[in-house]
Amino acid sequence: MNIKYYVLWIKNSPLLKEYLNNFYNKLISDLEIIISSSFIFKNKEKEIKNGLLSSINSLLEVYNKDFILNADISSLIQSIIIDNNNESINKLKKEIDIFLSEGIDSPNLTQNKGKKIFWTNIKLTSVDNNPYNKTEAHPDHIKTWAISGNWWEKTEKEWLEVYEKSFSLLKELDEWIYDELNQIITKIVPLWTARWIHNSASYKECVGHLYMWYTIDSGNSEVNNLEAIIHESSHNKLNLILQFDPIVLNDKELKYYSAIRPDARHIHWVFLGYHAFAPTMYILMKAYKNWYLWDDINWLKKIILYYIKTKFLQKVIHKYALLTDLWKEISEEIDYVIKEMDILFKEINPNKELILEAKEKQTKHFKEVNKNYPQLEY
């Protein structure tokens, strides 16, 4: 099949460059809307409004692509267009003025705060301009995790060191994914430290930022990170494409079974999970096969279980998703990745008892969700 790397990614991806260029043009259009007479500022003082319009006009007269595409700026622009957010208006004006007076490398720009993670072009920092980070992006979030300057139970140095290990491992496992990820992700924002679990998040309005935990008391914290990095980066890639193209045409009222979640979800969200879990489990299986996790029975159990879950997601998508032409292509690429996973699974060759245990867990999950949501489709 003609792989375009909607899922696994590729070095110097022309697809990514195309969508980033389209996204840039969309953001320029948004800025032009803001300065047009048709855009109505709500509850904004005339002086502030006119100051922003002047700053945007000056910005449009210079080379600005690297500045505008950064998520610290693009998320502010979208916040103004979508929500007419007053706080975003103030922040955007401030950032534009710094850029115009001090240049793209100014240490005063929010996008330049933090320290670069070795092996990458990505900064680790709790300084973040994304106006949407006050909302709960992960289903298990119960509060706003991102607190400026807080490293919780670890130090900044420890955060940097463990993420350096994660990206070094990714480069060894799959240099193509590593390369393209470096083109789309610019910042990792620490959310929390926790024992044995790793929650993560990303926002559809903020392409380029990952919001991550640090899993302490884990013998493989760098792999916990790697799992979340691939998952959330996949969401970022999809969020970039979703700026222009919808996924599914299904009735919005219908709910479907997701092998990942404890609740019934619209097929749109099932597809987002499907797209993220396939490459994530593919990389974890490569890590296991290449002896990075070979002595850890808990990782093997997780790989088996989520391999089964990913196959279940595939069945639901194939049976119910009414996909647009573009998303049919993406779905076919996920099918390709799952075929690669099938090969890896045979090579790993887990014993039958572990496979049976995983199947029983998946069956139990399905029964519980079906009991709580009897109207779901599966």
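Let us look at the structure shown here.

The rules we used
Residues numbered from 1 in each chain as written. Predicted model: local features only at pLDDT ≥ 70, side-chain atom pairs only at ≥ 80, totals over all residues. Heavy atoms only, no water. Helix = DSSP H or I, 4+ residues; strand = E, 2+ residues; numbered from the N terminus. Expected span 1.5 Å × (residues − 1). Buried < 20%, exposed > 50% of the residue type's maximum accessible area, 1.4 Å probe, protein only. Phe/Tyr/Trp six-rings, centres within 6.5 Å; stacked < 30°, edge-to-face > 60°. Pairing = 2+ DSSP bridges. Contact = heavy atoms within 4.5 Å. Axes fitted to C-alpha atoms, helices over the stretch in contact; angles between N-to-C directions. Polar contact = N/O pair within 3.5 Å; in protein donor to acceptor, adjacent residues only side chain to side chain. Parallel < 35°, antiparallel > 145°, perpendicular 65-115°, else oblique. Left-handed = near helix turned anticlockwise from the far one by under 90°. Nonpolar A, V, L, I, M, F, W, Y, C, P; charged D, E, K, R; others polar. Salt bridge = Lys/Arg side-chain N within 4 Å of Asp/Glu carboxyl O.

## Structural notes on helix 8 (residues 221-241)
Phase 1 of the analysis: Over its 21 residues, helix 8 runs 30 Å from end to end, which matches the ideal 30 Å to within 8%, given 1.5 Å per residue.
Phase 2 of the analysis: Counting buried positions along helix 8 gives 20 out of 21 residues, so the element sits mostly inside the fold.

## Quick word on the packing of aromatic side chains
Phase 1 of the analysis: This model, assessed by the stated rule, comprises 18 aromatic pairs.
Phase 2 of the analysis: Seen in terms of ring centroids, phenylalanine 67 and phenylalanine 99 are 4.3 Å apart; in terms of plane orientation they differ by 10°. Their pairing is stacked. Of the two residues, phenylalanine 67 is situated in helix 3 (residues 65-69) and phenylalanine 99 in helix 5 (residues 86-102); the sequence distance between them amounts to 32 residues.
Phase 3 of the analysis: A residue is classified by how much of its surface remains accessible, and phenylalanine 67, at 1% relative accessible area, is buried.
Phase 4 of the analysis: A centroid spacing of 5.8 Å and a plane angle of 80° characterise the contact between phenylalanine 271 and tyrosine 274, whose relative ring orientation is edge-to-face.

## With respect to the sheet that holds strand 5 (residues 209-216)
Phase 1 of the analysis: Read from one edge to the other, the open sheet built from five strands follows the order 1-2-3-5-4, with strand pairing classed as mixed. Strands with a single pairing partner mark the edges of an open sheet, and in this sheet they are strand 1 (115-116) and strand 4 (200-201).
Phase 2 of the analysis: Lying over the sheet, helix 8 contacts strand 4 and strand 5, oriented at roughly 160° with respect to strand 5.

## Brief notes about helix 10 (residues 297-320)
Spacing of three or four residues puts side chains on the same side of an α-helix, whose turn is 3.6 residues.
Phase 1 of the analysis: Between its terminal C-alpha atoms helix 10 stretches 35 Å, which fits the 34 Å expected from 24 residues at 1.5 Å a residue.
Phase 2 of the analysis: The N-cap of helix 10, judged by a side-chain oxygen 3.0 Å from the amide nitrogen of asparagine 298 a few residues on, is aspartate 296.

## Side note on the pairing of strand 5
Phase 1 of the analysis: For strand 5, a buried count of eight out of eight residues is recorded, marking the element as mostly surrounded by other parts of the structure.
Phase 2 of the analysis: Residues His209, Tyr211, Trp213 and Thr215 of strand 5 are buried on one face, and the alternating residues Leu210, Met212, Tyr214 and Ile216, pointing to the opposite face, are buried as well.
Phase 3 of the analysis: Judged from the eight bridges that link them, strand 3 (residues 187-195) and strand 5 form a sheet pairing that is parallel. Looking across to strand 5, one finds that lysine 187 is bridged to histidine 209.
Phase 4 of the analysis: Inspection of the sheet shows strand 4 paired to strand 5 by two bridges, in the antiparallel sense. Residue pairing across strands places alanine 201 opposite tyrosine 211, the latter belonging to strand 5.

## Concerning the packing of helix 1 (residues 14-34) against helix 4 (residues 71-83)
Phase 1 of the analysis: Remark: helix 1 packs on helix 4, axes separated minimally by 10 Å, with the N-to-C direction vectors making an angle of 45°. Between helix 1 and helix 4, the angle falls in the class oblique. Taken as a pair, helix 1 and helix 4 cross one another with a handedness that is left-handed. From helix 1, Phe23, Lys26, Leu27, Asp30, Leu31, Ile33 and Ile34 reach across to helix 4, where they touch Ser74, Ile77, Gln78, Ile80 and Ile81.
Phase 2 of the analysis: Taken together, the residues that form the contact of helix 1 with helix 4 break down as eight nonpolar, two polar and two charged.

## Brief notes about the pattern of salt bridges
Phase 1 of the analysis: In the structure shown here, the tally under the stated rule is 20 salt bridges.
Phase 2 of the analysis: Among the salt bridges present, the one from lysine 187 reaches aspartate 72, with a minimum N-O distance of 2.6 Å. One end of the pair, lysine 187, is in strand 3; the other, aspartate 72, is in helix 4, and 115 residues separate them in sequence.
Phase 3 of the analysis: Taking the relative accessible area as the measure of exposure, lysine 187 reaches 1% and is therefore buried.
Phase 4 of the analysis: Between glutamate 205 and lysine 204 there is a salt bridge whose closest N-O contact spans 2.9 Å.
Phase 5 of the analysis: Classification of glutamate 205 by relative accessible area gives buried; the value is 11%.

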